[in-house]
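# Residue-level structural notes
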Amino acid sequence: MGIFDKFKSGFKKSASAFTSGLRDIVIKKEIDDKTLDKIEEYLIQSDVGVVAASEIKEIISESKIDPKKDITEEISTILKEYIISLMKPLENNSFFKKKDKINATLVSGVNGVGKTTTIGKISKILKANGNEVMLAASDTFRAAAIEQLENWANKVNVEITKSSQGADPASVAYKAIESAIANNFTHVLIDTAGRLQNKKNLMEEYKKIANVTKKIDPEAPHDVILVLDATSGQNVINQVEEFNKIIPITGLIMTKLDGTAKGGILLAVAKKYKLPIIALGLGEKEDDLQIFDAEKFADAFTQIN
(Lines give C-alpha, C1' and ligand atoms only; values in the text may rest on other atoms or scores of the structure.)
Protein backbone atom coordinates (compact mmCIF):
# COMPACT_ATOMS: atom_id res chain seq x y z
CA MET A 1 0.00 0.00 0.00
CA GLY A 2 1.44 3.36 -1.08
CA ILE A 3 1.55 6.38 1.20
CA PHE A 4 -1.41 8.00 -0.59
CA ASP A 5 -3.45 4.82 -0.22
CA LYS A 6 -2.56 4.74 3.47
CA PHE A 7 -3.58 8.37 3.78
CA LYS A 8 -6.90 7.82 2.04
CA SER A 9 -7.58 4.70 4.09
CA GLY A 10 -6.59 6.40 7.35
CA PHE A 11 -8.79 9.38 6.59
CA LYS A 12 -11.76 7.21 5.62
CA LYS A 13 -13.52 7.50 9.00
CA SER A 14 -13.55 11.27 8.79
CA ALA A 15 -14.61 11.33 5.14
CA SER A 16 -17.29 8.68 5.59
CA ALA A 17 -18.84 10.53 8.53
CA PHE A 18 -18.76 13.79 6.59
CA THR A 19 -20.27 12.54 3.32
CA SER A 20 -22.93 10.43 5.04
CA GLY A 21 -24.04 13.54 6.94
CA LEU A 22 -24.14 15.45 3.67
CA ARG A 23 -26.21 12.71 2.05
CA ASP A 24 -28.75 12.92 4.89
CA ILE A 25 -29.29 16.59 4.04
CA VAL A 26 -29.50 16.28 0.26
CA ILE A 27 -32.64 14.19 -0.08
CA LYS A 28 -34.17 16.04 -3.04
CA LYS A 29 -33.17 16.05 -6.70
CA GLU A 30 -32.89 19.83 -6.67
CA ILE A 31 -31.00 22.11 -4.30
CA ASP A 32 -33.39 24.73 -2.90
CA ASP A 33 -32.61 27.59 -0.50
CA LYS A 34 -33.55 25.53 2.54
CA THR A 35 -31.17 22.75 1.54
CA LEU A 36 -28.42 25.29 0.87
CA ASP A 37 -28.86 26.69 4.36
CA LYS A 38 -28.67 23.18 5.82
CA ILE A 39 -25.49 22.45 3.85
CA GLU A 40 -23.91 25.69 5.11
CA GLU A 41 -24.90 24.87 8.69
CA TYR A 42 -23.52 21.34 8.35
CA LEU A 43 -20.21 22.65 6.99
CA ILE A 44 -19.91 25.01 9.97
CA GLN A 45 -20.67 22.14 12.37
CA SER A 46 -17.92 20.18 10.60
CA ASP A 47 -15.42 22.88 11.62
CA VAL A 48 -14.99 24.17 8.07
CA GLY A 49 -15.53 27.71 9.36
CA VAL A 50 -18.14 30.37 8.68
CA VAL A 51 -16.27 32.09 5.83
CA ALA A 52 -15.43 28.91 3.91
CA ALA A 53 -18.92 27.46 4.49
CA SER A 54 -20.51 30.64 3.11
CA GLU A 55 -18.28 30.59 0.04
CA ILE A 56 -19.00 26.91 -0.64
CA LYS A 57 -22.74 27.55 -0.27
CA GLU A 58 -22.49 30.38 -2.81
CA ILE A 59 -20.58 28.20 -5.28
CA ILE A 60 -23.16 25.40 -4.97
CA SER A 61 -26.04 27.85 -5.50
CA GLU A 62 -24.42 29.14 -8.70
CA SER A 63 -23.49 25.70 -10.05
CA LYS A 64 -25.55 23.76 -12.57
CA ILE A 65 -26.16 20.46 -10.83
CA ASP A 66 -27.53 17.67 -13.01
CA PRO A 67 -30.56 16.17 -11.18
CA LYS A 68 -29.96 12.90 -13.05
CA LYS A 69 -26.66 12.46 -11.23
CA ASP A 70 -25.95 11.67 -7.58
CA ILE A 71 -26.39 15.07 -5.89
CA THR A 72 -24.04 14.22 -3.01
CA GLU A 73 -21.31 13.31 -5.49
CA GLU A 74 -21.91 16.57 -7.38
CA ILE A 75 -21.56 18.60 -4.16
CA SER A 76 -18.48 16.59 -3.16
CA THR A 77 -16.89 17.48 -6.52
CA ILE A 78 -17.61 21.17 -5.91
CA LEU A 79 -16.13 20.88 -2.42
CA LYS A 80 -13.08 19.08 -3.76
CA GLU A 81 -12.41 21.82 -6.32
CA TYR A 82 -12.82 24.47 -3.61
CA ILE A 83 -10.33 22.72 -1.32
CA ILE A 84 -7.74 22.43 -4.09
CA SER A 85 -8.05 26.10 -5.08
CA LEU A 86 -7.73 27.16 -1.42
CA MET A 87 -4.95 24.83 -0.37
CA LYS A 88 -2.78 24.28 -3.46
CA PRO A 89 -0.86 27.54 -2.80
CA LEU A 90 -0.18 26.36 0.78
CA GLU A 91 1.79 23.24 -0.16
CA ASN A 92 5.40 23.30 1.04
CA ASN A 93 7.08 19.99 0.24
CA SER A 94 10.39 21.84 -0.15
CA PHE A 95 10.77 21.62 3.63
CA PHE A 96 11.68 17.93 3.35
CA LYS A 97 14.17 18.30 0.50
CA LYS A 98 17.93 18.01 0.98
CA LYS A 99 19.47 21.20 2.31
CA ASP A 100 22.95 22.53 1.60
CA LYS A 101 23.34 24.33 4.92
CA ILE A 102 21.93 24.21 8.43
CA ASN A 103 18.18 24.55 8.86
CA ALA A 104 17.07 25.00 12.48
CA THR A 105 13.39 24.23 13.01
CA LEU A 106 11.45 25.12 16.14
CA VAL A 107 8.59 22.66 16.68
CA SER A 108 5.82 23.86 18.99
CA GLY A 109 2.32 22.97 20.10
CA VAL A 110 0.16 22.45 23.16
CA ASN A 111 0.20 19.31 25.30
CA GLY A 112 -1.05 16.14 23.69
CA VAL A 113 -0.96 17.07 20.00
CA GLY A 114 1.67 14.44 19.19
CA LYS A 115 4.54 16.88 18.78
CA THR A 116 7.44 14.62 19.78
CA THR A 117 6.07 11.74 17.72
CA THR A 118 5.73 14.09 14.76
CA ILE A 119 9.37 15.18 15.12
CA GLY A 120 10.41 11.53 14.89
CA LYS A 121 8.39 11.07 11.70
CA ILE A 122 9.76 14.28 10.17
CA SER A 123 13.28 13.06 10.95
CA LYS A 124 12.74 9.84 9.05
CA ILE A 125 11.57 11.66 5.90
CA LEU A 126 14.41 14.19 6.08
CA LYS A 127 16.99 11.43 6.52
CA ALA A 128 15.54 9.45 3.62
CA ASN A 129 16.05 12.54 1.47
CA GLY A 130 19.75 12.65 2.29
CA ASN A 131 19.75 15.08 5.21
CA GLU A 132 21.80 14.71 8.38
CA VAL A 133 19.44 15.31 11.29
CA MET A 134 20.04 16.43 14.85
CA LEU A 135 17.26 16.48 17.46
CA ALA A 136 17.33 18.95 20.35
CA ALA A 137 15.52 17.76 23.49
CA SER A 138 14.52 21.25 24.66
CA ASP A 139 11.46 19.97 26.49
CA THR A 140 13.40 19.70 29.75
CA PHE A 141 10.38 20.08 32.00
CA ARG A 142 9.66 16.35 31.89
CA ALA A 143 12.19 13.52 31.95
CA ALA A 144 9.68 11.42 30.00
CA ALA A 145 9.77 13.91 27.13
CA ILE A 146 13.55 13.64 26.83
CA GLU A 147 13.32 9.85 26.92
CA GLN A 148 10.57 9.79 24.30
CA LEU A 149 12.59 11.94 21.90
CA GLU A 150 15.67 9.79 22.50
CA ASN A 151 13.65 6.68 21.66
CA TRP A 152 12.61 8.29 18.38
CA ALA A 153 16.21 9.28 17.62
CA ASN A 154 17.25 5.65 18.06
CA LYS A 155 14.30 4.34 16.07
CA VAL A 156 14.95 6.47 12.97
CA ASN A 157 18.74 6.56 13.47
CA VAL A 158 19.41 10.28 13.92
CA GLU A 159 21.53 12.18 16.44
CA ILE A 160 20.22 13.90 19.57
CA THR A 161 21.47 16.60 21.92
CA LYS A 162 19.97 16.36 25.39
CA SER A 163 20.49 17.39 28.98
CA SER A 164 18.95 16.49 32.32
CA GLN A 165 15.44 17.35 33.46
CA GLY A 166 15.23 20.97 34.57
CA ALA A 167 18.11 22.16 32.38
CA ASP A 168 17.80 25.40 30.44
CA PRO A 169 15.82 24.54 27.25
CA ALA A 170 17.49 27.33 25.27
CA SER A 171 20.98 26.05 26.10
CA VAL A 172 20.07 22.60 24.76
CA ALA A 173 18.91 24.15 21.49
CA TYR A 174 22.10 26.24 21.27
CA LYS A 175 24.35 23.22 21.83
CA ALA A 176 22.42 21.18 19.27
CA ILE A 177 22.82 23.80 16.54
CA GLU A 178 26.47 24.36 17.45
CA SER A 179 27.15 20.62 17.21
CA ALA A 180 25.18 20.29 13.98
CA ILE A 181 27.19 23.03 12.29
CA ALA A 182 30.49 21.58 13.49
CA ASN A 183 29.55 18.18 12.07
CA ASN A 184 28.00 19.39 8.79
CA PHE A 185 24.43 18.46 9.68
CA THR A 186 21.66 19.99 7.60
CA HIS A 187 18.73 19.92 10.04
CA VAL A 188 18.14 20.59 13.73
CA LEU A 189 14.63 19.85 15.00
CA ILE A 190 14.03 21.53 18.35
CA ASP A 191 11.42 19.86 20.56
CA THR A 192 9.82 22.41 22.88
CA ALA A 193 7.73 21.82 25.99
CA GLY A 194 4.04 21.18 25.35
CA ARG A 195 2.92 24.56 26.53
CA LEU A 196 -0.52 26.05 26.79
CA GLN A 197 -0.60 29.30 24.88
CA ASN A 198 -2.02 31.16 27.90
CA LYS A 199 0.89 30.22 30.20
CA LYS A 200 3.00 33.38 30.03
CA ASN A 201 6.17 31.98 31.61
CA LEU A 202 6.25 28.99 29.27
CA MET A 203 5.66 31.16 26.24
CA GLU A 204 8.52 33.42 27.34
CA GLU A 205 10.77 30.34 27.53
CA TYR A 206 9.65 29.43 24.02
CA LYS A 207 10.60 32.91 22.80
CA LYS A 208 13.97 32.61 24.55
CA ILE A 209 14.79 29.42 22.62
CA ALA A 210 14.16 31.24 19.34
CA ASN A 211 16.30 34.21 20.41
CA VAL A 212 19.21 31.97 21.45
CA THR A 213 19.30 30.28 18.03
CA LYS A 214 19.87 33.71 16.46
CA LYS A 215 23.17 34.02 18.32
CA ILE A 216 24.52 31.30 16.05
CA ASP A 217 22.63 32.23 12.89
CA PRO A 218 20.74 35.56 12.62
CA GLU A 219 18.25 33.88 10.26
CA ALA A 220 17.36 31.16 12.77
CA PRO A 221 14.98 29.64 13.49
CA HIS A 222 14.66 28.99 9.78
CA ASP A 223 11.31 27.27 10.26
CA VAL A 224 8.71 27.46 13.01
CA ILE A 225 6.27 24.58 12.82
CA LEU A 226 3.09 24.44 14.88
CA VAL A 227 1.64 20.97 15.44
CA LEU A 228 -2.15 20.88 15.74
CA ASP A 229 -4.57 18.16 16.82
CA ALA A 230 -7.52 17.67 14.44
CA THR A 231 -9.72 16.49 17.33
CA SER A 232 -9.42 19.90 19.04
CA GLY A 233 -11.89 21.55 16.67
CA GLN A 234 -12.20 25.32 16.93
CA ASN A 235 -9.58 25.47 19.72
CA VAL A 236 -7.06 25.08 16.89
CA ILE A 237 -7.87 28.59 15.66
CA ASN A 238 -6.95 30.12 19.01
CA GLN A 239 -3.71 28.11 19.15
CA VAL A 240 -2.61 29.37 15.73
CA GLU A 241 -3.52 32.93 16.71
CA GLU A 242 -1.56 32.92 19.97
CA PHE A 243 1.55 31.05 18.81
CA ASN A 244 1.78 33.21 15.71
CA LYS A 245 1.92 36.31 17.93
CA ILE A 246 5.00 35.05 19.78
CA ILE A 247 7.06 33.84 16.81
CA PRO A 248 5.68 33.94 13.25
CA ILE A 249 4.70 30.43 12.16
CA THR A 250 6.15 29.21 8.86
CA GLY A 251 4.32 25.88 8.65
CA LEU A 252 1.56 23.73 10.12
CA ILE A 253 1.26 20.00 10.72
CA MET A 254 -2.10 18.55 11.69
CA THR A 255 -2.20 15.22 13.52
CA LYS A 256 -4.77 12.60 14.51
CA LEU A 257 -6.65 12.61 11.23
CA ASP A 258 -6.95 8.82 11.39
CA GLY A 259 -9.70 8.89 14.01
CA THR A 260 -13.21 10.32 13.91
CA ALA A 261 -12.01 13.91 13.61
CA LYS A 262 -13.88 15.75 10.88
CA GLY A 263 -10.73 17.32 9.42
CA GLY A 264 -12.73 20.36 8.35
CA ILE A 265 -10.82 22.55 10.78
CA LEU A 266 -7.85 22.48 8.38
CA LEU A 267 -10.02 24.33 5.84
CA ALA A 268 -10.93 26.97 8.42
CA VAL A 269 -7.26 27.47 9.35
CA ALA A 270 -6.22 27.60 5.69
CA LYS A 271 -8.88 30.18 4.87
CA LYS A 272 -8.12 32.44 7.85
CA TYR A 273 -4.32 32.31 8.06
CA LYS A 274 -3.07 31.04 4.67
CA LEU A 275 -0.06 29.46 6.38
CA PRO A 276 1.93 26.73 4.62
CA ILE A 277 0.79 23.21 5.49
CA ILE A 278 3.78 20.90 5.83
CA ALA A 279 2.23 17.50 6.53
CA LEU A 280 -0.65 15.53 8.04
CA GLY A 281 -0.36 12.87 10.73
CA LEU A 282 -2.45 9.73 10.51
CA GLY A 283 -1.28 7.53 13.39
CA GLU A 284 1.54 6.52 15.72
CA LYS A 285 3.73 4.57 13.28
CA GLU A 286 6.89 6.15 11.88
CA ASP A 287 5.51 6.05 8.32
CA ASP A 288 2.18 7.67 9.22
CA LEU A 289 3.13 11.21 8.21
CA GLN A 290 1.82 12.38 4.83
CA ILE A 291 3.61 15.28 3.14
CA PHE A 292 0.77 17.69 2.43
CA ASP A 293 -0.68 17.56 -1.06
CA ALA A 294 -3.83 19.63 -1.63
CA GLU A 295 -5.25 17.33 -4.30
CA LYS A 296 -4.72 14.21 -2.20
CA PHE A 297 -6.23 15.87 0.85
CA ALA A 298 -9.26 17.05 -1.17
CA ASP A 299 -9.71 13.59 -2.67
CA ALA A 300 -9.52 11.92 0.74
CA PHE A 301 -11.77 14.48 2.45
CA THR A 302 -14.52 14.14 -0.13
CA GLN A 303 -14.37 10.40 -0.83
CA ILE A 304 -17.86 8.93 -0.96
CA ASN A 305 -17.15 5.28 -0.14
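Just so we're clear, the structure is a prediction, and the values are computed from it rather than from any experiment.

### Here we look at the sheet that holds strand S4 (residues 187–191)
The strand order S3-S2-S4-S1-S5-S6-S7-S8 describes an open sheet built from eight strands, whose pairing is mixed. Single-partner strands in this sheet number two, and they are strand S3 (159–161) and strand S8 (289–291). Neighbour-to-neighbour, the strand axes of the sheet open up by a mean angle of 25°, direction not taken into account. Against the sheet, helix H9 (residues 200–213) engages strand S1 (103–108), S4 and strand S5 (223–229), with an angle of about 180° to S1.

### Let's talk about the environment of Tyr82
Inspection of the secondary structure puts Tyr82 in helix H5 (residues 71–87). Placed 185 residues apart in sequence, Tyr82 and Leu267 show a C-alpha to C-alpha distance of 9.9 Å. Those residues within four positions of Tyr82 in sequence are excluded, and the remaining contacts are Ala52, Glu55, Ile56, Ile59 and Lys271. Side-chain polar atoms of Tyr82 contact the side chain of Glu55, separated by 2.6 Å.

### Remarks on the packing of helix H8 (residues 169–182) against H9
At a minimum axis distance of 8 Å, the contact between H8 and H9 shows a crossing angle of 25°. Comparing their axes, H9 and H8 come out roughly parallel. Crossing handedness for the pair H8 and H9: right-handed. Touching Pro169, Ala170, Ala173, Tyr174 and Ile177 of H8 are Glu205, Lys208, Ile209, Val212 and Thr213, all from H9. For the contact of H8 with H9, a count of residues per class yields seven nonpolar, one polar and two charged.

### Some points on the packing of aromatic side chains
All chains considered together, the criterion is met by four aromatic pairs. Aromatic side chains Tyr206 and Phe243 sit 5.8 Å apart centroid to centroid with 80° between the ring planes, which places their arrangement in the edge-to-face category. Of this pair, Tyr206 sits in helix H9 while Phe243 sits in helix H10 (residues 235–246), and the two are 37 residues apart along the sequence. Judged by relative accessible area, Tyr206 falls into the buried class, the value being 0%. For the pair Phe292 and Phe297, a centre-to-centre distance of 6.0 Å together with 50° between the ring planes defines the contact as tilted. Members of the aromatic cluster, each reached through a chain of ring pairs, are Phe292, Phe297 and Phe301. The ring centre of Phe95 lies 5.9 Å from the NZ or CZ of Lys99, which sits over that ring. If you follow Lys155 out to its NZ or CZ, it ends over the ring of Trp152, 4.2 Å from the centre.

### Some words on the nonpolar core
Ranked by size, the top nonpolar core spans 98 residues in total, and within it Met87, Phe96, Val188, Val240, Met254 and Phe297 carry the most contacts. Here the element with the most residues in this core is H5; it accounts for eight residues. Apart from the residues within four sequence positions on either side, Met254 is in contact with Leu228, Ala230, Val236, Ile265, Leu266, Ala279, Leu280 and Gly281.

### Re the pairing of strand S6 (residues 251–255)
Most of S6 sits out of view: five of its five residues are buried. A two-sided burial pattern is seen for S6, the buried positions comprising Gly251, Ile253 and Thr255 on one face and Leu252 and Met254 on the other. At this point the chain moves from S5, through H10, to the parallel S6, and the crossover so formed is right-handed. Of the strand pairs in this sheet, S6 and strand S7 (residues 277–281) are connected by three bridges, and their pairing is parallel. Across the sheet, Met254 pairs through a bridge with Leu280, a residue of S7.

### Let's talk about helix H4 (residues 50–62)
Taking 1.5 Å per residue as the helical rise, H4 with its 13 residues ought to reach 18 Å, and the 19 Å between its terminal C-alpha atoms agrees with that figure. Every buried residue of H4 is listed here: Ala52, Ala53, Ile56 and Ile60. Down the axis, H4 shows its buried residues gathered within 100° of arc, on one side only. Of the exposed residues in H4, the ones pointing more than 90 degrees away from its buried face are Val50 and Glu62. Looking at the buried side of H4, the elements it contacts are helix H3 (33–45), H5 and helix H11 (265–273).

### Brief notes about the side chain of Asp229
As for its placement among the helices and strands, Asp229 is situated in strand S5. Taking the relative accessible area as the measure of exposure, Asp229 reaches 7% and is therefore buried. Setting aside residues no more than four positions away along its own chain, Asp229 makes contact with Gly112, Val113, Val236, Thr255 and Lys256.

### A closer look at H10
End to end, H10 covers 17 Å across twelve residues, agreeing with the expected 16 Å (1.5 Å per residue, within 8%). Taken together, the buried positions of H10 are occupied by Val236, Ile237, Gln239, Val240 and Phe243. Burial along H10 is one-sided: seen end-on, the buried residues are contained in an arc of 160°. Within H10, the exposed residues directed more than 90 degrees away from the buried face are Asn235 and Lys245.

### Observations regarding the packing of H5 against H11
Orientation of H5 relative to H11, taken along the N-to-C sense of each, is 45°, at an axis distance of 10 Å. Here H5 is positioned oblique relative to H11, judged by the angle of their axes. Relative to H11, the crossing made by H5 is left-handed. For the pair H5 and H11, the contacting residues are Tyr82, Ile83, Leu86 and Met87 in the first and Leu266, Leu267, Ala270 and Lys271 in the second.

Parameters at a glance
Residues numbered from 1 in each chain as written. Predicted model: local features only at pLDDT ≥ 70, side-chain atom pairs only at ≥ 80, totals over all residues. Heavy atoms only, no water. Pairing = 2+ DSSP bridges. Helix = DSSP H or I, 4+ residues; strand = E, 2+ residues; numbered from the N terminus. Axes fitted to C-alpha atoms, helices over the stretch in contact; angles between N-to-C directions. Contact = heavy atoms within 4.5 Å. Polar contact = N/O pair within 3.5 Å; in protein donor to acceptor, adjacent residues only side chain to side chain. Parallel < 35°, antiparallel > 145°, perpendicular 65-115°, else oblique. Left-handed = near helix turned anticlockwise from the far one by under 90°. Nonpolar A, V, L, I, M, F, W, Y, C, P; charged D, E, K, R; others polar. Phe/Tyr/Trp six-rings, centres within 6.5 Å; stacked < 30°, edge-to-face > 60°. Buried < 20%, exposed > 50% of the residue type's maximum accessible area, 1.4 Å probe, protein only. Lys NZ or Arg CZ within 6 Å of the ring centre and 35° of its normal. Core = buried A, V, L, I, M, F, W, Y, C linked by side-chain atoms within 4.5 Å. Right-handed = clockwise from strand over helix to strand, strands pointing away. Expected span 1.5 Å × (residues − 1). Arc of directions from axis to C-beta.

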